[in-house]
Each structure stands twice: as structure tokens, then as C-alpha cells.
Amino acid sequence: MSAKIRILVVDDELIVRESLKGWLKKGGYEVDTAASGPESLEMLELAPYDLLFLDIMMPKMNGLEVLEIVKKRFPETLVVMITAYGSVETAVKAMKNGANDYLMKPFEPETLALLVEKLLQQKRIIDENLLLKEQVARSVRFENIIGVSEEMQKIFEMIMDISATDVPVLITGETGTGKELIAKAIHAKSPRKHGPFIPINCGAFPEHLLETELFGHEKGAFTGAHRAKKGRIEMSHGGTLFLDEVGEIPLKMQVDLLRVLETKSFHRVGGTEEINVDFRILAATNRNLLEEINKGNFRQDFYYRLNVISLHIPPLRERPEDIPVLAEHFMRRYSRETNKDIDTITPEAMEVLKRYPWPGNVRELQNAIERAVVISKKRCLDVDEFSFLQVSQKGAGEAKSLEEIEKEHIEAMLRAHDWNISKTARALKINRVTLHKKIKKYGLKRSGQDQCKPDNSRKS
Amino acid sequence: MSGESGVVGIVPIGEVKQVVLKILAANIQAVFNIPVDILNGRKSLKKFFNPNRNQYNAITILDHMERRWKQPHKRILAVVSVDLFIPILTYVFGEAQINGKMAVVSTYRLNRRTGGGNVSLERFYERVAKVGIHELAHTFGLVHCKENHCVMRASYSLRDLDYYPLYFCDYCQSMLDDVYRRMKLRTLKARSFEDLF
Ligand SMILES: [Zn+2]
Ligand SMILES: [Zn+2]
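Residues numbered from 1 in each chain as written. Chains lettered and ligands numbered in written order. Predicted model: local features only at pLDDT ≥ 70, side-chain atom pairs only at ≥ 80, totals over all residues. Heavy atoms only, no water.

Quick notes on the coordination of the zinc ion (ligand 2)
All names here are of chain B.
1) Next: On the protein side, the zinc ion (ligand 2) has C145 (SG), C150 (SG), C169 (SG) and C172 (SG) as donor atoms, found 2.2 to 2.4 Å from it.
2) Next: Sequence spacing of the donors to the zinc ion (ligand 2): C-x4-C-x18-C-x2-C. Residue C145 is found in the loop between α3 (121–139) and α4 (158–163), and its partner C169 is found in the loop between α4 and α5 (170–183); the two are separated by 24 residues along the sequence. For the pair formed by C145 and C169, the shared burial category is buried. (Donors = N, O, S within 2.8 Å, 3.2 Å for Na, K, Ca; no water. Helix = DSSP H or I, 4+ residues; strand = E, 2+ residues; numbered from the N terminus. Buried < 20%, exposed > 50% of the residue type's maximum accessible area, 1.4 Å probe, protein only.)

Shown next, in the form of C-alpha cells:
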């Protein structure tokens, strides 16, 4: 809530605009004027107003028409209709259509003063309620995880249940579902919360680097090891070690890690000293580990060690009721970060968001909102701001070639994984070389700007 | 008085009693602590009369004065004894250009007693001074004040007007001092009221 009350006076008569503006300014309010309905709507797009004085009789677009749009798009703005003598009936109609009050020209000074006071009081209560609602909405938040769906509520409950114990938890879910946030929440709710939370993305390191990253090394353990270095296992002493993308750990190292979990001790690379550690292990994967076990890529004993309790996060498309709260959360966050006054997502745009399949899940939604906030020049995010999502959203009934569908799917997956080739290839279950070939074949390009507007050249 | 002109000029338009002007000037000088002159005004108000409303348009008066006035004074307060209105309001006690140069006060309604009859002369002069000070302060950029004990409190009835005092609260006073500093205005230290009589 900004401290200064902002009022917009809409009237086609200059003299009314100016004298009402002058009168209100003496009250210390910030006052703007608009000479027509369309002009006032443009101004409302750009900045929020607490109170609108709206003349009923205006050419082009009359006050009732403006009122209807204001009530729909800027419901937080209170509206007082201004009417001339003899058009009280219209004013009454306006009240039925959601106007908060009306005034007949000319007004009694005391009436105007009392009315403004009354409405601003009302506005304060509305703002407070909005704030309250936001606080309620915050209770659908659990340690930075947001969700109103039954699925997420169950996950929140489960986190509470498993936090108290020290058992390993295997978190599964598609890329971008927020597995690390869940791991952090388990840590934050656990008795180890004052200890460190040490995450490591096992898919991000080649084998030899992953080993030193996890176990650390002694000085001179290998060329370039000028000094001893603690590994993540050692750093997690007293806290939680989070193995992200645990399915990427090579088989040999799975044996080593299994040993660490069983003995709670290890030695650094190139060292002999046994180091005792006390940590809780959490792991996450977007792979089907049972399938990987069958293929011989993952050790069964290691799997059972990690998967004492399993927690599955459903993809966003299976819980569309979470999309609005998440979208609004990210909108608030990015409009704050970019210092923009964006405070709504239009119902139409929300419909687009709810229908989109989000192959990259919450992370993709987050990126999409960020992009929309950055490109938006208005107070709201509308369908236009999400045009970059529509490419892969052509009507389902439309006849498409298999190639077209493949192209769109690959493009969506690339976007969902921030154009990380390895991750996208893995998600598509093809190898990197194949992916590169397809990118070339379809002429897919990573270009932030191209993705902000529908690219016509791409239409077949 | 010295040959140098005051900061505020008080200008009667139409028929206004000299004693009203003098008391108003003395009060403004005391409360604002800046020199005030009483100037010669315009005889006729005909130009500002609105036959539909049978009243005089305060905004037209201010606009006219702004265009015509060539006095060296930084602020002009016009005084009229006719009923004023602004287009959106049925009547006003006075009107001012916020952060502007011109203000006007009407004595027309200020002698009325709620429930009929007239108030004492003393009360009448006090009301004229309050409205005059209030409107003039608007030209210095002051807006309405929430403080009960302040002349900048908005008053839309004679009852309100009688309730609020003739002086600024500390907050409004310091706002005014800031404006003076920005304008590099010379204030009066101790100038006797009698100078004006
Ligand atoms: Zn005022
Ligand atoms: Zn005050």
C-alpha cells in the first residue's frame, strides 16, 4: 500500500476535472485527471488508483461502460459516479452495477468531504483484507514450497512426519518440480536444522571430479592437488547431505557411498585416515531407478539404502490448481525484483497458464513468469505477455505432422531445461548427438527475444 | 510603512468594508509573520457572476487575477462579500490555487449563526481571518491537516470553522517555515499590529 492516496477524476468537462482536482489536492491526495473513458482505462493500466470519480455522461464511452470494465479489471479501485441533475436513475443503475456511490453536480462541500472520507475508510478495510488474504495464501506455503493441491498438502504433512527421524528419503519427480526445495524443507524441519544443508548435483561432475567433490582429497593426492580439501560428505557433518540426480552416480562410487552410509565413516582421496561423520542423507532423481536397476545402471542395495522412505512430487500438469498460486507468487516476486507495479494476471492469461502442459514444471513456470514480467509494460500480465508459450499450444484438433509435433516437443523440452543439452537429451531419452542433429534439422535456436513473440516464420 | 512592498497583498473586489480588510491583514501578518499590504481592488464583480447559479465563480476570479495582476507581491488574497461557488460545489467560503499565487475569501456566509440570525462581529472577523489564513496557506503548498488544533484542518461547515483555531499546528508551521526558506522570504521579527491601522 502506498502511503499517498491516489485519485483519478474522469470527466469530459475540463472545468469539472480541474475544480474537483483542485479541491482534492488541498486534501493532500495525489490527483490525476482523464478526459475520456478510454484515457482513464489507459491510466489505470499504468498505475493503481484508490478512488475513481467517474462522470456518467461522456461521449465515446459513457461512465457505465467504463464502470463495467473497471469493476472487472481493477476491482480494487472504488468508483463514485458523477451525475448531473435529472439523471439519478442512471446513477442508481450504476450503483447496482458495482459503483460505490454517486454524487450529483454540484455537490454540497460537506457531502463531498464526508463521502471521500467514507470511501477511503472503506478502501483501507479492503486493502487490509487483501493483505490478510495474502497472509492466508502464505499458509499454503511451506518452507518456500507453494501448493494448494491435495497432493502438495499431503507432501507437506509427510515432510512434517519424516523430519523428526533420521531416515533417508528418496525424492522423485520430473525436472523442475522442486526436489531440492523439498529436501531443504525436510532439513529445516528436522533436529539437524542448525547444522549445514549440503547439496551436490551428482550429474554435474565427471566421475573423477565427483569423487573428490564428495570425499575430498589429501594434499598431493593427484596432480594439481596442492592442498587438502574437504569433500561434501565431510562438510555435511551435523547436518544433511543432499544427493541430487543420484541416478547419475557411477556404479563404482555407489559402492563407496553405500559403505559410507553403513559405517558413517570414510577417507579422503589419497588419504588413509578414517574420518567419522554424522549426517542425514537425502537423495533425489528424475529417473526411474527401478528401471535403471533392471538395466544394471544402479545398484539395488544402494537403492534400498536410499529409498527407506520415498516421496514423489507429481508434475505440475497433474495438479493445475497449484498453477495460479505459484504464478501469482512468482509474479509478486519478479515485479518486486524488477521494481514494476505488476499486480495481476488476467483470467484469460491464467487460463493459458493452466492449459499449458509445463514439461519443465515449476521451474519452467517460474521462468515464464519472469520473462512475462520483464517484457510487460502494463500493470497486469495478459495473454500477450505469454505468447511465447503458445507456439506449442496450437489446437489439439489441428492436423499436424509427426515431424511438427516432434519439433515442438523438442523445443518445449529445451526451453524447460534452459537449453541444457544433456538434461534435455536425458529427458527425451535420446543421446546428445541425436539431439544436436534434431536441433539442426529443425533450425531451433535459443534466442530470448525470438521467444518473446510468436515467430511467424516458424509456422508451417 | 517603508516603501518596500509586502509579501502578501490583500485586495477587495466589489463592496468590502475597510475594517474587515484591516483585521484580516493584521491576523495574516501575525500568523504568517510576513508583511501584508492592503491594496486597491476592482469595483465590479459582474464579470464573475453566473446567472444560473446566482453566485460568483471563485475559480474565474482567481484565473482573472492571475492574468491581470502586476503587483510585486508574492501572494494575493482577494476579499469579496458575495457568495462564491466552484463548478462542482454548491458554495465555498474561499478558494485558492494550491502552490499558486492567488486566493480568495468570501465574507458572505461567515456572519450566519447555525439555526438563524447573525453571530457577533467579533466571531465574524475571526471566521474571515480563519478562512483567509487557510486559503492563503494553500498557496504556500500546505494541504489539509488532520490535527484538530490547526487552521489547516478542512472545514466544510461554520460549526467546523468555529471549532478549529486561528493558528497552525507545529507540523504545518514547520512546513510553512520550509517554504519560506525555499522562497528566501524575509519574515517579520516583531512588527507591531498598529502599523497597519
Ligand atoms: Zn482548504
Ligand atoms: Zn496542521
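Having put the structure on the table, let's press on.
Considerations on the pattern of salt bridges
Residues and elements named next belong to chain A.
1) Next: All chains considered together, the criterion is met by 36 salt bridges over all chains.
2) Next: Between E45 and R73 there is a salt bridge, with the nearest N and O atoms lying 2.1 Å from each other. Residue E45 is found in helix α2 (residues 37–46), and its partner R73 is found in helix α3 (residues 63–73); the two are separated by 28 residues along the sequence.
3) Next: Note that E406 and K438 form a salt bridge whose closest N and O atoms lie 3.3 Å from each other. Highlighted residues: E406 in helix α17 (residues 402–416) and K438 in helix α19 (residues 432–442), separated in sequence by 32 residues. (Salt bridge = Lys/Arg side-chain N within 4 Å of Asp/Glu carboxyl O.)

Comments concerning empty space enclosed by the protein
1) Next: One pass over the full model with this rule turns up two cavities of 30 Å³ or more.
2) Next: Contributing to the lining of the largest cavity are 23 residues, with G94(B), H134(B), E135(B), S155(B) and Y156(B) lying nearest its centre.
3) Next: Breaking the lining of the largest cavity down by element, the ones donating at least two residues are α1 (14–26) of chain A together with β7 (89–92), β8 (94–96) and α3 of chain B.
4) Next: The greatest single-element share of the lining of the largest cavity, amounting to five residues, is contributed by α3(B).
5) Next: When its residues are assigned to classes, the lining of the largest cavity shows 13 nonpolar, five polar and five charged. (1 Å grid on protein atoms, 1.4 Å probe; cavity = no way out; pocket = protein on both sides within 12 Å on 5 of 7 lines; lining within 4 Å. Points joined across faces, edges and corners; volume = space filled by probe spheres on them. Nonpolar A, V, L, I, M, F, W, Y, C, P; charged D, E, K, R; others polar.)

Regarding the sheet that holds strand β3 (residues 51–55) of chain A
One key point about sheets: their strands pair by backbone hydrogen bonds, in either a parallel or an antiparallel sense.
All names here are of chain A.
1) Next: In spatial order, the strands read β2-β1-β3-β4-β5; together these five strands make up an open sheet with parallel pairing. A strand with exactly one partner marks an edge of an open sheet, and here the two such strands are β2 (30–34) and β5 (101–104). Between one strand axis and the next, the sheet turns by 20° as a mean value, whatever way the strands run.
2) Next: Where β3 lies against strand β4 (residues 78–83), five bridges are found, and the strand directions are parallel. Across the sheet, F53 pairs through a bridge with V80, a residue of β4.
3) Next: Sheet contacts for α1: β1 (6–10), β2, β3 and β4; angle to β2, the most-contacted strand, approximately 170°.
4) Next: Relative to β4, α3 is tilted by about 180°, and along the sheet it contacts β3 and β4. (Pairing = 2+ DSSP bridges. Axes fitted to C-alpha atoms, helices over the stretch in contact; angles between N-to-C directions. Contact = heavy atoms within 4.5 Å.)

Some words on the side chain of D322(A)
All names here are of chain A.
1) Next: Following the sequence through the fold, D322 ends up in helix α13 (residues 322–337).
2) Next: Under the relative-accessibility criterion, D322 is labelled buried at 0%.
3) Next: Here S149 takes part through its side chain, which lies 2.6 Å from a polar atom of the side chain of D322.
4) Next: When near neighbours in sequence (up to four residues on either side) are disregarded, D322 contacts G147, V148, S149, M152 and L316. (Polar contact = N/O pair within 3.5 Å; in protein donor to acceptor, adjacent residues only side chain to side chain.)

Focus: the coordination of the zinc ion (ligand 1)
Ideal values for angles at a metal depend on the geometry: 109.5 degrees with four tetrahedral donors, 90 or 180 degrees with six octahedral donors.
All names here are of chain B.
1) Next: Of the protein atoms, only H134 (NE2), H138 (NE2) and H144 (NE2) coordinate the zinc ion (ligand 1), at distances of 1.9 to 2.1 Å.
2) Next: Between consecutive donors of the zinc ion (ligand 1), the numbers of intervening residues give the motif H-x3-H-x5-H. Each member of the pair, H138 as well as H144, carries the same accessibility label: buried.

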